[in-house]
Amino acid sequence: MSIPNHILEQLNSQADLISIIGRHTTLKRAGSEYKGCCPFHGEKSPSFYVNPQKNIYHCFGCSVGGNAISFLRDYENLTFIEAVNELSKQTGIEVPKEEQQNVSYQRAPIKPKAKPETKPKTAIEPAATQPQSTNNQPVADNQSSINVPAADTQPPAYNDNYDNYPPLEAYDSVPYAMDDYDTSYQGDANYQDNSSYPPAWLTGDADTTALYNDNSVSDKDGNLYELLEQIQQFYQHNLTIHPHAKHYFLSRGITEDIFETFGLGYAPFGWQHLEHQFPQDIEGLKALGLVRKSESGRDYDLLRDRVIFPIRDNQGRTIGFGGRALDDEVKPKYINSSDSPVFHKQHVLYGYYESRQQRANDWLVVEGYMDVIALYQAGIYGAVASMGTAINESQISRLLTLNPTLTLSFDGDSAGQKAAWRTLEVALPVLGDDKELRFLTLPNNHDPDTFIKSQGADAMREQIATAMPLSQYIFAYLSERYDLTLAEGKAKLMSQVRALTTALPKGSSFRYLLNNDIYQKLGGKRSQNKDAKDALLDFDGDMTISQQLQLCFLFQPRALSDDPIEAIWQQAGINDLQLPAHIKQKASADILRPLAWEDLQDNALLDIVSTIKRCLNYLPKDANAAAHFILSNVKPSTQETLSRDWSGFYKALTTRNILSLDGLVEELVSQLIERHMKKKIQDLVKNPDNIKLAIVRKQSQLLNDWLRAQQAEQSAQMATVKS
């Protein structure tokens, strides 16, 4: 299987190398790199560095080094194809089943110039007369042009200025063998940096339409990266000779040094200016989507009379362009060049490369290119924008790797808030307990660009520092959409919150805490818990803890979507039980495993729990209908007992407008676990097993400590409410 070079390049560039290597060794930030003990050889003093901008690693102890593919192959013992497929899953970059177009394209042959016809001299036509064009202007036979040198030298693809921590010139001097990856993969050798050749507009005075010199252009295959660099320079030069385009940026407060930093440019009027400028590269222009074919079959340029924002990849290479109309009445206002062999919108963030060049630490997702540029110019680095599509999970994961707190800044209008909510939903699966999302909606319908102009950079920094946490944003967003004066509105809000939290990573403590936080905002967990217990006492005060819990699960089966026993076991810290080495060695696997429903030895409760877990995805939304569905699937003995109590229990809860039983469920499950642990200790005292007894006592102690902490928290909340 031959995989195109540009696909391998994108996989290695977009891979989350910090997370991949972080599974095997602890990496800590060291300046602009990450540092840790080498996973390839034992060492006490860290000498293993990961460069996240170049996305490569190197050990200065054993000299091992490479990229994401080489690490998966050499350390995790994957084959080349397995490593490629793994990175494809992580990044979302599709690996073609069959070999497809790569970054090369066939250049058109040089068209010979037609020789001018010679006319015999006549007495009335002087030989020195110049030919005239149809508009009575002289036709220039010898226009100034540029000699494009053959690319026989290849500067490194990476050209970053890194601090010497340690002397990272060693990265570039260490050869990383690529031959055993795949014969088609040649690293960066296929990409060339054309920054060395002088553009014609820097060396000549002719009009830009005559920059090409047909006699100097070779017939070898073109390279899309090289072509994009030349187009970027062409657009950038056009900005200097079209005052109205330059005035647009200046009127937006952009300074000229930023023009160079971001490579800003202008695509002139005319339907075929790129074809005239790059006549041998029509195939490449079409592959990039910059030249398209109309319904009549005529080629035309995609970007016309628009200011240009070059789009760069993680290594700083131009891979596409965004164009904004100068007239706000022109629709669409923004156009991005289409996906191509080197440009995939869903994998690129505008401003990411420039922010990494400034060693950005705090990252901010914004909506527009001008927001990114305005923040950068104000000295606020780390702002990025997606390519007209919603930011995706892999991009959010990458930003959260660089900093565990990510701020999302979207407009306050309906469209902006919908985009923020979609981003929230996309981010939840990668939002571990150590990660945090914050939301920034600027006042008075400002975006970052207009806010900085109005209030200044310091005010913008203050807004970012006080951005709204995720839990507050969810409640604020949903509370505007439901009538919380009605029980129905509260129930709908709670239903959406529960659906949201199921997307969080498995085992997430934030899932439990977020649900409880929202319940508190809707009247308080303690109030709901008290009302639910009162309802139980009202119609039957003689039920056992197990029977009460069974009825709670009937009323709120979704409480089992996150197993309550597992949640309590984790929150109490029993999962991370620290034991002396001699006890841990002698302990059986059974005594160390988490507690399960089967261990409680309650057949009716186990029947309800297992039935609900089995039917959870098929239950009706209506609580009463869902309860009857569950009762029809349990054992007859369980059904008989619960059916007798269900009607009264349901009526008592609905009368009190009880929305959630999470607090009561947690309390009842805690009581069952506590009783189980006490009985287990008693059994081990009667039938001595010192190892098991020591472990169970330690588990019981952690559980009791957690229960006391819960009670103290509730007491503190009650005191706060009274005050």
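It should be noted that the structure appears before, not after, this text.
Residues numbered from 1 in each chain as written. Predicted model: local features only at pLDDT ≥ 70, side-chain atom pairs only at ≥ 80, totals over all residues. Heavy atoms only, no water.

**Re the sheet that holds strand β14 (residues 363-366)**
And then number 1: The mixed open sheet is built from five strands, whose spatial order is β15-β14-β16-β17-β18. Both edges of this open sheet fall to β15 (383-385) and β18 (468-469), since each of them pairs with a single strand only.
And then number 2: Where β14 lies against strand β16 (residues 405-409), three bridges are found, and the strand directions are parallel. Paired with Trp363 across the two strands is Leu406, which belongs to β16.
And then number 3: Running at roughly 130° to β16, helix α14 (residues 393-402) makes contact with β14, β15, β16 and β17 (436-440) of the sheet. (Pairing = 2+ DSSP bridges. Helix = DSSP H or I, 4+ residues; strand = E, 2+ residues; numbered from the N terminus. Contact = heavy atoms within 4.5 Å. Axes fitted to C-alpha atoms, helices over the stretch in contact; angles between N-to-C directions.)

**Quick look at the nonpolar core**
And then number 1: Counting residues in hydrophobic clusters, the biggest one holds 60 residues, and the most contacted among them are Ile231, Phe249, Leu264 and Tyr350.
And then number 2: The leading source of residues in this core is helix α7 (residues 224-241), at eight residues.
And then number 3: Among residues more than four places away in sequence, those in contact with Ile231 are Leu274, Phe278, Leu285, Leu288, Leu290 and Phe321.
And then number 4: In terms of nonpolar packing, the next biggest core, distinct from the first, is built from 56 residues, Ile565, Ala572, Ile681 and Ile695 among them. (Core = buried A, V, L, I, M, F, W, Y, C linked by side-chain atoms within 4.5 Å. Buried < 20%, exposed > 50% of the residue type's maximum accessible area, 1.4 Å probe, protein only.)

**Some remarks on the packing of helix α18 (residues 470-479) against helix α20 (residues 509-521)**
And then number 1: At a minimum axis distance of 10 Å, the contact between α18 and α20 shows a crossing angle of 45°. As summarised for this structure, α18 and α20 are arranged oblique, according to the angle between their axes. Like other packed secondary-structure pairs, α18 and α20 cross with a definite hand, here right-handed. On α20, the residues touching Leu470, Ser471, Ile474 and Phe475 of α18 are Phe510, Leu514, Asp517, Ile518 and Lys521.
And then number 2: Per-class residue counts for the contact of α18 with α20 are six nonpolar, one polar and two charged. (Parallel < 35°, antiparallel > 145°, perpendicular 65-115°, else oblique. Left-handed = near helix turned anticlockwise from the far one by under 90°. Nonpolar A, V, L, I, M, F, W, Y, C, P; charged D, E, K, R; others polar.)

**What about the packing of aromatic side chains?**
And then number 1: Per the counting criterion, the structure on display carries 32 aromatic pairs.
And then number 2: Relative to Tyr650, the ring of Phe555 lies with its centre 6.2 Å away and its plane at 50°, an arrangement referred to as tilted. With Phe555 in helix α22 (residues 545-555) and Tyr650 in helix α28 (residues 636-655), the pair connects residues that are 95 residues apart, well separated along the chain.
And then number 3: The exposure class of Phe555 is buried, given its relative accessible area of 11%.
And then number 4: Judged by relative accessible area, which is 22%, Tyr650 ranks as partly exposed.
And then number 5: Ring centres 6.3 Å apart and planes at 50° place the aromatic pair Trp646 and Phe649 in the tilted group. Note that Trp646 and Phe649 are positioned in helix α28 at a spacing of three residues, about one turn of the helix.
And then number 6: Residue class for Trp646 comes out buried when judged on its relative accessible area of 3%.
And then number 7: What links up through ring pairs into an aromatic cluster is the set Tyr248, Phe249, Phe259, Phe262, Phe309, Tyr334, Tyr350, Tyr369, Tyr376 and Tyr381.
And then number 8: It is Arg317 that lies over the ring of Tyr225; its NZ or CZ is 4.3 Å from the centre. (Phe/Tyr/Trp six-rings, centres within 6.5 Å; stacked < 30°, edge-to-face > 60°. Lys NZ or Arg CZ within 6 Å of the ring centre and 35° of its normal.)

**Concerning the sheet that holds strand β12 (residues 318-325)**
And then number 1: An order of β8-β11-β12-β13 is seen for the four strands of this open sheet, with the pairing classed as antiparallel. The sheet is open, and its two edges are formed by β8 (265-267) and β13 (334-336), each paired on a single side. Averaged over all pairs of adjacent strands, the angle between their axes in this sheet comes to 35°, without regard to strand direction.
And then number 2: Pairing of strand β11 (residues 306-312) with β12, which is carried by seven bridges, proceeds in the antiparallel orientation. Paired with Ile311 across the strands is Gly320, a residue of β12.
And then number 3: The sheet contacts of α7 involve β8, β11 and β12, and relative to β12 the element is tilted by about 30°.

**What to know about the environment of His242**
And then number 1: Assignment of secondary structure puts His242 in the loop between α7 and α8 (243-251).
And then number 2: With 25 residues separating them in the primary sequence, His242 and Ala267 have C-alpha atoms 9.8 Å apart.
And then number 3: Those residues within four positions of His242 in sequence are excluded, and the remaining contacts are Tyr266 and Pro268.

**Focus on the pairing of strand β2 (residues 33-36)**
And then number 1: For strand β1 (residues 28-30) and β2, the ladder comprises three bridges, and the chain directions are antiparallel. By the bridge assignment for β2, Lys28 is matched with Lys35.
And then number 2: As defined by bridge partners, β2 adjoins strand β3 (residues 48-51) across three bridges and the pair is classed as antiparallel. Bridge pairing in β3 places Tyr34 opposite Val50.

**A few points about the pattern of salt bridges**
And then number 1: On inspection of all chains with the given rule, the structure shows 21 salt bridges.
And then number 2: Across the salt bridge formed by Asp281 and Arg107, the nearest N and O atoms sit 2.9 Å from each other. Separated by 174 residues along the polypeptide, Asp281 in the loop between α10 (273-277) and α11 (282-287) and Arg107 in the loop between β6 (104-105) and α5 (169-173) bring together distant segments of the chain. The pair formed by Asp281 and Arg107 is uniform in burial state, with each residue classed as buried.
And then number 3: For Arg252, the salt bridge identified is with Asp449, shortest N-O distance 2.7 Å. Of this pair, Arg252 sits in the loop between α8 and α9 (256-262) while Asp449 is found in helix α16 (residues 448-455), placing the two residues 197 residues apart along the sequence.
And then number 4: Overall, Arg252 belongs to the partly exposed group, its relative accessible area being 22%.
And then number 5: Shared partners join several salt bridges into a network, and the residues in it are Glu9, Asp313 and Arg317. (Salt bridge = Lys/Arg side-chain N within 4 Å of Asp/Glu carboxyl O.)

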